[in-house]
Amino acid sequence: MKKILVTGGAGFIGSHLCERLLKEGNEVICLDNYFTGSKKNIVHLLDNPYFEAVRHDVTEPYFAEVDEIYNLACPASPIHYQHDPIKTIKTTVVGAINMLGLAKKVNAKILQASTSEVYGDPEIHPQPESYWGNVNPIGLRSCYDEGKRCAESLFINYHKQNNVRVKIIRIFNTYGTRMNMNDGRVISNFIVQALKGENITVYGEGKQTRSFQYVDDLIEGMIRMMEAEDNVVGPVNIGNPTETSILDLAKKIVKLTNSNSKLLFEELPQDDPMQRKPDISLAKKMLNNWQPQVSLDEGLEEVIRYFKSII
Ligand code: NAD
Ligand code: UDP
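Below is a summary of the structure that appears in this document. (Residues numbered from 1 in each chain as written. Chains lettered and ligands numbered in written order. Predicted model: local features only at pLDDT ≥ 70, side-chain atom pairs only at ≥ 80, totals over all residues. Heavy atoms only, no water.)

Structural notes on the site of ligand 1
Filter applied, for reference: Near residues are defined by distance, with any heavy atom within 4 Å of the molecule or strand qualifying the residue. Think of a polar contact as two N or O atoms within 3.5 Å of one another; within protein, one of them needs to be a possible hydrogen donor and the other a possible acceptor, and neighboring residues in sequence only count if both atoms come from side chains. Helix and strand labels come from DSSP, where a helix needs a run of H or I of at least four residues and a strand needs a run of E of at least two; each type is numbered from the N terminus. In this classification, the charged set is Asp, Glu, Lys and Arg, the nonpolar set is Ala, Val, Leu, Ile, Met, Phe, Trp, Tyr, Cys and Pro, and all remaining amino acids, among them Gly, are polar.
Around ligand 1 there are 29 residues in total, and D32, T36, L72, Y144 and T174 lie nearest to it. In this structure, V58 approaches ligand 1 through a main-chain N or O atom, which is 3.0 Å from a nitrogen atom. Elements with a minimum of two residues in the shell around ligand 1: α1 (12-23), β5 (109-115) and α4 (142-162). By residue number, the principal contributor to the shell around ligand 1 is β5, which donates three residues. Its residues assigned to classes, the shell around ligand 1 shows 14 nonpolar, 11 polar and four charged.

Here we look at the environment of K109
What counts is decided by this rule: Between two residues, a contact is recorded if the distance between any of their heavy atoms is within 4.5 Å.
Mapping K109 onto the fold places it in strand β5. Sequence spacing of K109 and D230 is 121 residues, and the spatial spacing of their C-alpha atoms is 8.6 Å. Here K109 is in contact with D67, E68, I69, R165, K167, M226, E227, A228 and D230, once residues within four sequence places are set aside. Within polar-contact distance, the side chain of K109 engages the backbone oxygen of M226 at 2.7 Å.

Here's the deal with empty space enclosed by the protein
Our working definition: Using protein atoms alone on a 1 Å grid, points that fit a 1.4 Å probe yet trap it form a cavity, whereas open point sets bounded by protein on both sides within 12 Å along at least five of seven lines form a pocket; residues with an atom within 4 Å of a point count as lining. Grid points are joined across faces, edges and corners, and a volume is the space filled by probe spheres set on the points.
For the coordinates displayed, the defined rule picks out one cavity of 30 Å³ or more. Estimated volume of the largest cavity: approximately 40 Å³. Per element, the largest residue contribution to the lining of the largest cavity is three residues, and it comes from helix α3 (residues 85-106). Here the lining of the largest cavity is composed, by residue class, of four nonpolar, four polar and one charged.

A short note on the pattern of salt bridges
Going by this rule: In what follows, salt bridge is the name for a side-chain nitrogen of Lys or Arg lying within 4 Å of a carboxyl oxygen of Asp or Glu. For every residue, the accessible area obtained with a 1.4 Å probe (protein chains only) is divided by the maximum for its type, and the residue is called buried under 20%, exposed over 50%, and partly exposed between those limits.
Applying the stated criterion across every chain, the model contains 16 salt bridges. Put simply, E117 and R141 hold a salt bridge, and the shortest N to O gap is 2.5 Å. Taken together, the residues span a long stretch of sequence, with E117 in the loop between β5 and α4 and R141 in the loop between β5 and α4 at a distance of 24 residues. The class for R141 is buried, based on a relative accessible area of 10%. Across the pair R305 and E302 runs a salt bridge, and its minimum N-O distance is 2.9 Å.

Let's talk about the site of ligand 2
Our working rule: Only the protein chains shown count as covering a residue, and every accessible area follows the Shrake-Rupley method with a 1.4 Å probe.
Every one of the 18 residues lining ligand 2 counts as a neighbour, but N189, T201, R210, D272 and R276 are closest to it. Between Y203 and ligand 2, the recorded distance is 2.8 Å, taken from a backbone N or O atom to an oxygen atom. In this structure, an oxygen atom belonging to ligand 2 sits 3.0 Å away from a side-chain N or O atom of Q208. Protein chains shield 95% of the accessible area of ligand 2, which is 520 Å² for the free molecule. For the shell around ligand 2, the secondary-structure elements that each account for two or more residues are α5 (186-196) and β8 (200-203). Residues that form the shell around ligand 2 fall into these classes: seven nonpolar, five polar and six charged.

A word on the packing of helix α7 (residues 246-256) against helix α9 (residues 296-310)
Convention followed: Between N-to-C directions, angles cover 0 to 180 degrees, with each direction set by a line fitted to C-alpha atoms, over the stretch in contact for helices. An angle below 35 degrees is treated as roughly parallel, one above 145 as roughly antiparallel, one from 65 to 115 as roughly perpendicular, and anything else as oblique. Here is the rule for handedness: rotate from the far helix to the near one, and if that takes an anticlockwise turn smaller than a right angle the crossing is left-handed, while a clockwise turn gives right-handed.
Following both chains from N to C, one finds α7 and α9 inclined at 55°, their axes separated by 11 Å at the closest point. With respect to each other, α7 and α9 are oriented oblique. Here α7 and α9 pass one another in a crossing that is right-handed. For the pair α7 and α9, the contacting residues are L249, K252, I253 and L256 in the first and L296, D297, L300, E301 and I304 in the second. Of the residues contributing to the contact of α7 with α9, the split by class is six nonpolar, no polar and three charged.

Focus: the layout of surface pockets
The calculated volume of the second largest pocket comes to roughly 180 Å³. V118, E129, Y131, W132, R149, E152, I156, I168, R170 and P235 are the residues that line the second largest pocket. Taken together, the elements giving at least two residues each to the lining of the second largest pocket come down to α4 and β6 (166-171).

Some details on the nonpolar core
The criterion, for reference: For our purposes a nonpolar core is just a set of buried Ala, Val, Leu, Ile, Met, Phe, Trp, Tyr and Cys residues, chained together by side-chain atoms within 4.5 Å.
Membership of the largest hydrophobic core comes to 58 residues, with the highest contact counts inside it found for L17, Y70, Y175 and M222. Among all residues touching L17, those that are not within four sequence positions of it are V6, Y70, L72, I219, M222 and I223. The next biggest cluster of nonpolar side chains, apart from the first, holds 27 residues, and it includes L5, V93, I110 and A151.

In structure tokens:
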């Protein structure tokens, strides 16, 4: 039985990861300050004697003897990470230093949940890991983008300088059950608006693209990355390469929900990336032919059922 620490474990992705790790017979410590996560996401795990929920902020040091660390603590939606940008930088950078220090002390393997945002508004399409990105260092998104870029640098340097066994994955837009319905991300916004019969808020003309991955596919990729040989350090893109424009996504969600909602075009936020699609050839090669299994339609149906049940 492995002892595994999941920071940000009460969040959307973290709660699915904790669930899967427990199912596989591990002992799990879920560390969270509940900024964007919620006890509701993990309440079904609290009776499990091998699960422990700890209220803790990763900007403060933490100690536990563990074998593996998944570092997910960080608000992920633009409205949340822009709410207190300095705190976001501290969480990504100081949080990474604290967790890497712990990994070094207890000789644990550590995986960083990095992001496609390190590519900024990309000039290369689709994005391979070798692309260095196009990030505005002083823009609205920089607290998150530059924080995550700095964290990648910390991970690589703890590996090179201190032989810490690190793994970096770059996660592309992920959706699924337990997304916070008020966190402003596009899939939760559109589904909730469609179910309530409200206007669907499309930013700009909706020509910008994203490639959406269902959470189960991400969790599988994360676990395969952690289990890969120590020389598989990454960064490795984990995402679904099926690309869709935001306008097409809005129309699809209206159709799938049978909604009467109308599209409302609003101003495009500053530095909103125009196109995003992962090149996943490296993940396929290094992670035992990993590739997404859930189509956008199947995943959306699942999330629509979920939001119907909680609205
Ligand atoms: P989320 O907001 O649901 O989860 C983040 C969790 O981290 C929350 O439970 C929150 O309370 C916790 N947290 C935030 N600051 C903390 C701190 N200082 N100390 C302790 N806990 C803290 O978001 P998510 O979508 O589940 O994202 C999880 C991770 O995956 C994040 O690191 C995010 O950057 C990364 N990621 C997510 C996506 C996506 O599309 N969902 C894409 C790329 C990367
Ligand atoms: N978006 C939108 N309407 C919304 C929320 C988001 O048109 O109500 C757009 C947003 O401008 C971006 C895309 O959807 O182009 C994805 O936004 P999200 O915040 O989900 O993720 P990110 O921009 O971080 O990829």
